[in-house]
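A look at the structure
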Amino acid sequence: MTGRVQPDTPWRQEMQKFVVTVLLEDGLTPRFPPYRIDPSWSPEQLEVVLGLYHAEYQHIMSPQGRSAMLRQFAEIADVPVTSMEHHAQLREATLLARHSALSVQTTTMQALAPPAVATDAAAPAVPAVAETPAPTVHPAIMDRPVAPVAPAITQPAASHSEPQKPAETLPPLTDGVELIEGQLTIGALMVQFKQAEAQDHSATTHYGRDIAGIFWRMAMTDRLSPAVARQRAADLRLFCFVTGVQTIDQLEQFHLRRYGDALKEIPKTFLRSCRDQSRSLAEVKQMARAMPPSEIGLAAGTVKRHIKTLELMLARAKSEGHTIGIDPDVKSLRPKGKGKAHKRRRVFTFAELKRLFGHSLWQGHGSASRRHNPGNVLNKDGRYWIPLILSYTGARRAEIAGLLPGDIGEVDGIPAITIQVHNWRGIKGEDKDATEPFEKLTRIVPVHSHLIELGLMEYVQKMRKRGETFLFPDVIPKPRNGILPPPEELKVEKFGEAIDYEWRKSLDLALDGNPRNLCMHSLRHYVNHTLIHADGVHEVTRLDLLGHVSDDDDSPQKPSVNTATYRDETPMSIKAAAIERLPRVF
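Report follows, based on the coordinates.

Rules of the game
Residues numbered from 1 in each chain as written. Predicted model: local features only at pLDDT ≥ 70, side-chain atom pairs only at ≥ 80, totals over all residues. Heavy atoms only, no water. Helix = DSSP H or I, 4+ residues; strand = E, 2+ residues; numbered from the N terminus. Contact = heavy atoms within 4.5 Å. Pairing = 2+ DSSP bridges. Axes fitted to C-alpha atoms, helices over the stretch in contact; angles between N-to-C directions. 1 Å grid on protein atoms, 1.4 Å probe; cavity = no way out; pocket = protein on both sides within 12 Å on 5 of 7 lines; lining within 4 Å. Points joined across faces, edges and corners; volume = space filled by probe spheres on them. Nonpolar A, V, L, I, M, F, W, Y, C, P; charged D, E, K, R; others polar. Buried < 20%, exposed > 50% of the residue type's maximum accessible area, 1.4 Å probe, protein only.

Moving on to the environment of Thr 309. Structurally, the position occupied by Thr 309 is in helix 10 (residues 300-319). Residues Thr 309 and Ala 233, 76 residues apart in the sequence, show an inter-C-alpha distance of 8.5 Å. With residues near it in sequence (within four places) discarded, Thr 309 still touches Arg 232, Asp 235 and Leu 236.

A few words now on the sheet that holds strand 5 (residues 443-446). Across the sheet, three strands lie side by side as 3-4-5; this open sheet has antiparallel pairing. Each of the sheet's edge strands pairs with one partner strand only, and the pair in question is strand 3 (408-411) and strand 5. Strand-to-strand twist across the sheet, computed as the mean angle between neighbouring axes with direction ignored, equals 45 degrees. Pairing between strand 3 and strand 4 (residues 414-419): four bridges, direction antiparallel. Along strand 4, the bridge assignment pairs Val 411 with Ile 414. Docked against the sheet, helix 23 (residues 572-579) engages strand 3, strand 4 and strand 5, running at close to 55 degrees with respect to strand 5.

Scanning all chains against the criterion turns up one cavity of 30 Å³ or more. Roughly 30 Å³ of volume is contained in the largest cavity. Around the largest cavity, the lining residues are Leu 361, Trp 362, Arg 383, Pro 387, Ile 499, Glu 502, Trp 503 and Ser 506. For the lining of the largest cavity, the elements supplying multiple residues, two or more each, are helix 13 (360-363), helix 14 (382-393) and helix 18 (500-510). Residue contributions to the lining of the largest cavity peak at three residues, all from helix 18. Tallied by class, the residues present in the lining of the largest cavity amount to five nonpolar, one polar and two charged.

So, about the side chain of His 365. By secondary structure assignment, the location of His 365 is in strand 1 (residues 365-367). Of the residues examined, His 365 reaches a relative accessible area of 0% and is grouped as buried. If we ignore the near neighbours within four places in the chain, the residues touching His 365 are Ser 360, Arg 370, Arg 371, Asn 373, Pro 374, Gly 375, Asn 376, Val 377, Leu 378 and Asn 379.

The next thing to look at is the pairing of strand 4. Buried residues dominate strand 4, accounting for six of its six residues. A two-sided burial pattern is seen for strand 4, the buried positions comprising Ile 414, Ala 416 and Thr 418 on one face and Pro 415, Ile 417 and Ile 419 on the other. Counting the residues that bridge the hairpin from strand 3 to strand 4 gives two residues, and of these Asp 412 lies at a positive phi of roughly 55 degrees.

Following this line, the structure appears as structure tokens:
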């Protein structure tokens, strides 16, 4: 014998039954277990077994196979299949029915086969498991009672003369993307996501089912900024790493729940070291076990971002027409806030602000390098101005740290700050390609009289005369050659990060260690809180000054249609009067 296996031979039929037995006993894994390989098989026979296993696995796990199972189940039972347990039971019933049908088919072929003819070569050995009855399977995931399920779906014995239908193939992957075989690591996923990113998605002829491709098509069509796209991609790589899911058709609800749990279990420092990119999930879990609880689990805000990224990817997958066998429940993964929403937000009290701005950084210090030592020097640069301006505008840090000299001037005869998109910095919520006036989120905020008295307008004029590109060049990373690159090449991830050290140290020294963990964004909440309770400041005036505060803190506070739509911009004189309601911090 040559070892070649022809279709519909008894050996092939036995092998079909054998691979179904393996799936029942060893679980649904995409790769054939190596220990199941019979050493007596020839290379051709091994290839046949692997092909049969792949076909059976793809059929039971594919969206088409899932749909067929649900249709058959619906014909004989009136029980909805809504849970992981039910899906597992249905797959088990389908495999058991398949095993029974193949057993009948094998017996029929053996009965119809002619008497054996003696030959010099021995027939290939059939594994002993092929002659055993269908195994009794108790899936480990079913550890509690579930709703009644119909009996196993049996299939009629197939005639040996009837050609077998080929297994349905899965949708293709994104061009250039390869699934990861073997150990799954963040590093391997980074390569896979790079493969997807490198494709020309505008010229694609199909939508691949891989998560990496789905994401980068979303990033392109939604015009995500490079920084946001990198962050979202990192979020999804962590999802794939934790769950092992690389394609959307593999997704089950338990994957989502597992991901939500894992975000509370992984070390806070995971991926801060390049070595983490080569670690397996088991190694990461082992790291976590050796750490104190305070170093485990991502912050609630970070978890919310991860879940939001997952929601965006799922919405994109649905819009592309991918078959998702479940109705994903993502809302339950979001961390639940404790207590009242307004009490969760850290807001400066006026007394704390006065203590803070009474610090030497704003009242006089030893030198530019010794700002926390009292003295007679007062350096009025970005570290001095940015926190002060935030306290009198309620703007976001990047909005002020990224100002240009031309963004401060007079509007309707009133000194004002124009917070608008420019080549290097966007505005939260505004599309970078927005051109229509109604698409713009530009805000014009009057300059508080205290800032004018402190010399802000003179500082602006000085920066203009010097020809500075930015109003606060000291907080912009300096290129080695001192020449500012063109907008598309300037890498400023977050405007204002350069002042974080001086700011945090000032907080610690002025507020005795800053026990309430106040931050720079707390200044925005302080301004919002003060204007809410200030007499004579209308809601629309506050919204025109600060933008939609609810976008920042997930507050249920939303402007009504009347105040948000059916009105014009608040006059500058009214806005200036509102700004002056903010008390002087020193």
